[in-house]
Amino acid sequence: MSENLVKYEKILEDYKSGIYGNEHLSIQTILRMANADNLLDKLTKEDLEYLIDNSSDVKMKQLYGTLLDKRRNRIVE
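Residues numbered from 1 in each chain as written. Predicted model: local features only at pLDDT ≥ 70, side-chain atom pairs only at ≥ 80, totals over all residues. Heavy atoms only, no water.

A.B. asks: What is the right way to look at the nonpolar core in this model?
C.D. replies: What tends to happen in soluble globular proteins is that the nonpolar side chains get buried as a cluster. Counting 19 residues, the largest nonpolar core has Tyr8, Ile11, Leu31, Leu40, Leu48 and Leu51 as its most contacted members. Looking at this core, the elements that each hand over two or more residues are helix H1 (3-16), helix H2 (27-33), helix H3 (39-42), helix H4 (45-54) and helix H5 (58-76). Looking at this core, the element that brings in the most residues is H1, giving five residues. Setting aside chain neighbours within four positions, we find Tyr8 in contact with Ile27, Leu31, Leu39, Leu40, Leu51, Met60 and Tyr64. (Core = buried A, V, L, I, M, F, W, Y, C linked by side-chain atoms within 4.5 Å. Buried < 20%, exposed > 50% of the residue type's maximum accessible area, 1.4 Å probe, protein only. Helix = DSSP H or I, 4+ residues; strand = E, 2+ residues; numbered from the N terminus. Contact = heavy atoms within 4.5 Å.)

What follows is the structure, encoded as structure tokens:
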């Protein structure tokens, strides 16, 4: 598990515990509030695979899958 993945999971945990308020926020807003705007871009393929395997939220799985596809396409190009 990379340092960036640990940081990302901590930010999500903080959000769930109400650190960023009680409103429903987008992942982009949460990361911006945590001063980690580009954190998703820093996650490795392995990090994204881990998140896909361990997420129960369908929309989040789709987000991680899209990011993973982009990583794979960058390597091919």
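A.B. asks: Quick question: what am I supposed to make of the side chain of Asp47 here?
C.D. replies: Summarising the element assignment, Asp47 is placed in helix H4. Within the buried set, Asp47 has no salt-bridge partner at all; the shortest N-O distance to an opposite charge, 7.8 Å, is to Arg71. When residues no more than four places from it in sequence are discounted, the contact partners of Asp47 are Ser2 and Leu5. (Lys, Arg positive; Asp, Glu negative; His and termini not counted. Salt bridge = Lys/Arg side-chain N within 4 Å of Asp/Glu carboxyl O.)

A.B. asks: Looking at this structure, I do not really get the packing of aromatic side chains. What am I missing?
C.D. replies: How two aromatic rings sit relative to each other is set out by the distance from centre to centre and by the angle between their planes. With the rule as written, the count across this model stands at one aromatic pair. Geometrically, the ring pair formed by Tyr8 and Tyr64 is edge-to-face, given 6.2 Å between the ring centres and 85° between the ring planes. Pair noted here: Tyr8 is in helix H1 and Tyr64 is in helix H5, with a separation of 56 residues, a long-range link. For Tyr8, a relative accessible area of 0% gives the class buried. (Phe/Tyr/Trp six-rings, centres within 6.5 Å; stacked < 30°, edge-to-face > 60°.)

A.B. asks: What is the right way to look at the environment of Asp14 in this model?
C.D. replies: With respect to the secondary-structure elements, Asp14 resides in helix H1. Spatially, the C-alpha atom of Asp14 lies 23 Å from that of Glu46, the residues being 32 residues apart in sequence. In this view, Asp14 contacts Ile19 and Tyr20; residues no more than four positions away in its chain are not counted.

A.B. asks: Which parts of the structure should I look at to understand H4?
C.D. replies: The α-helix winds at 3.6 residues per turn, so residues separated by three or four positions along the chain end up facing the same way. What H4 keeps buried is the set Asp47, Leu48 and Leu51. Taken down its axis, H4 places every buried residue within 95° of arc, on the same side. Across from the buried face of H4, at angles greater than 90 degrees, the exposed residues are Glu46 and Asp53. (Arc of directions from axis to C-beta.)

A.B. asks: Explanation requested: the pattern of salt bridges in the structure shown.
C.D. replies: Pairing is possible between side chains that carry opposite charge, provided their charged atoms lie close to one another. Per the counting criterion, the structure on display carries three salt bridges. Bridged by salt links that share partners, the residues Glu49, Asp69 and Arg72 form one connected network.

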